[in-house]
Structure formats: structure tokens, C-alpha cells
Amino acid sequence: ALTQSQITADNWRLFAAQLELLDILRELCAERKTAVILSLHELFLAERVSDRIVCIKDGTIDRAGPPEEILSGDYPDALYDLPPGTYRSLRGREA
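Residues numbered from 1 in each chain as written. Predicted model: local features only at pLDDT ≥ 70, side-chain atom pairs only at ≥ 80, totals over all residues. Heavy atoms only, no water.

**Observations concerning the overall build of the chain**
Piece 1. Within the chain, the regular secondary structure consists of five helices and two strands.
Piece 2. Mapped in sequence order, the helices and strands of the chain form the string α-α-β-β-α-α-α.
Piece 3. Across the 95 residues that make up the chain, the buried fraction comes to 24%.
Piece 4. Considering only contacts within the chain whose residues lie at least 6 apart along the sequence, 31% involve residues at least 24 apart.
Piece 5. Counting every atom, the chain has about 7000 Å² of accessible surface; 54% of that belongs to carbon and sulfur. (Helix = DSSP H or I, 4+ residues; strand = E, 2+ residues; numbered from the N terminus. Buried < 20%, exposed > 50% of the residue type's maximum accessible area, 1.4 Å probe, protein only. Contact = heavy atoms within 4.5 Å. Areas by Shrake-Rupley, 256 points an atom, 1.4 Å probe, with all protein chains shown as cover.)

**Describing a nonpolar patch on the surface**
Piece 1. A contiguous nonpolar surface patch, about 320 Å² in accessible area, is contributed by Val-54, Ile-56 and Ile-61.
Piece 2. With respect to the helices and strands, Val-54 occurs in strand E1 (residues 53-57). (Patch = residues over 30% accessible without salt bridge, like charges linked within 9 Å, V, L, I, M, F, W, Y side chains within 5 Å. Salt bridge = Lys/Arg side-chain N within 4 Å of Asp/Glu carboxyl O.)

**Considering unusual backbone geometry**
Piece 1. Here the phi dihedral of Asp-58 falls at roughly 55°; this positive angle occurs in a residue that is not glycine.
Piece 2. With respect to the helices and strands, Asp-58 occurs in the loop between E1 and strand E2 (60-65).
Piece 3. For Asp-58, a relative accessible area of 74% gives the class exposed.
Piece 4. You will see that Asp-81, though not glycine, has its phi angle at about 55°, which is positive.
Piece 5. Along the chain, Asp-81 turns up in the loop between helix H4 (75-79) and helix H5 (86-91).
Piece 6. With relative accessibility at 64%, the residue Asp-81 sits in the exposed group.

**Description of the packing of aromatic side chains**
Piece 1. Tallying each qualifying case throughout the model produces one aromatic pair.
Piece 2. Ring centres of Phe-15 and Phe-44 lie 5.4 Å apart, and the angle between their planes is 80°; this geometry places the pair in the edge-to-face category. Linking Phe-15 in helix H1 (residues 9-32) with Phe-44 in helix H2 (residues 43-49), this pair joins segments that are 29 residues apart in sequence.
Piece 3. Residue classification places Phe-15 among the buried positions, given a relative accessible area of 16%.
Piece 4. Here the guanidinium or amino end of Arg-63 rests over the ring plane of Tyr-75, the centre of that ring lying 3.9 Å away. (Phe/Tyr/Trp six-rings, centres within 6.5 Å; stacked < 30°, edge-to-face > 60°. Lys NZ or Arg CZ within 6 Å of the ring centre and 35° of its normal.)

Rendered as C-alpha cells:
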């Protein structure tokens, strides 16, 4: 995970391009009434574009549901074996 001080201009351009592509994909899915399955490791991207998230840990489905349920509390930290509160602090949110 990157801290804010480690994010360079190149990283921001990459993030912006990823978000733009995912927003376009989401619009196409809505227009065509279809679904897309993506494999993402960046939780902030999954949180932004997903209606449902399935988290896999140690080769099995660990949790599935809407992003607001899946990414609540300290679960993102447990998913990536981080100290409690790390995900929220990197996202600029209180736990």
C-alpha cells in the first residue's frame, strides 16, 4: 500500500486512467444491462465501481456482499494482514 507521501505524479495519472476506464465500463454495463467480473487488488477501486465484492483469502471466498458492508470496520486490514485501522487511515477515514 502506498502512503500519500509516496504517491508521485505518475501514480496519480495511472489512478486517474484506471478510474476513467472503470467509470466507462460501469456506464456501458448500465446501458447494456450486463455484468462484468473483475479481479482487483486495489480496494479503493473496487469500492468505487462495484455493486458487489467477493473477497478471496487463502484460496477461498472469505466474504461477499455490497462494498459498504464488505469494506466496513477492520475487515480490509484483516484481509491484507495489516494492523487494525490501517486501511481507514490511508483512505482518510476514521475507523
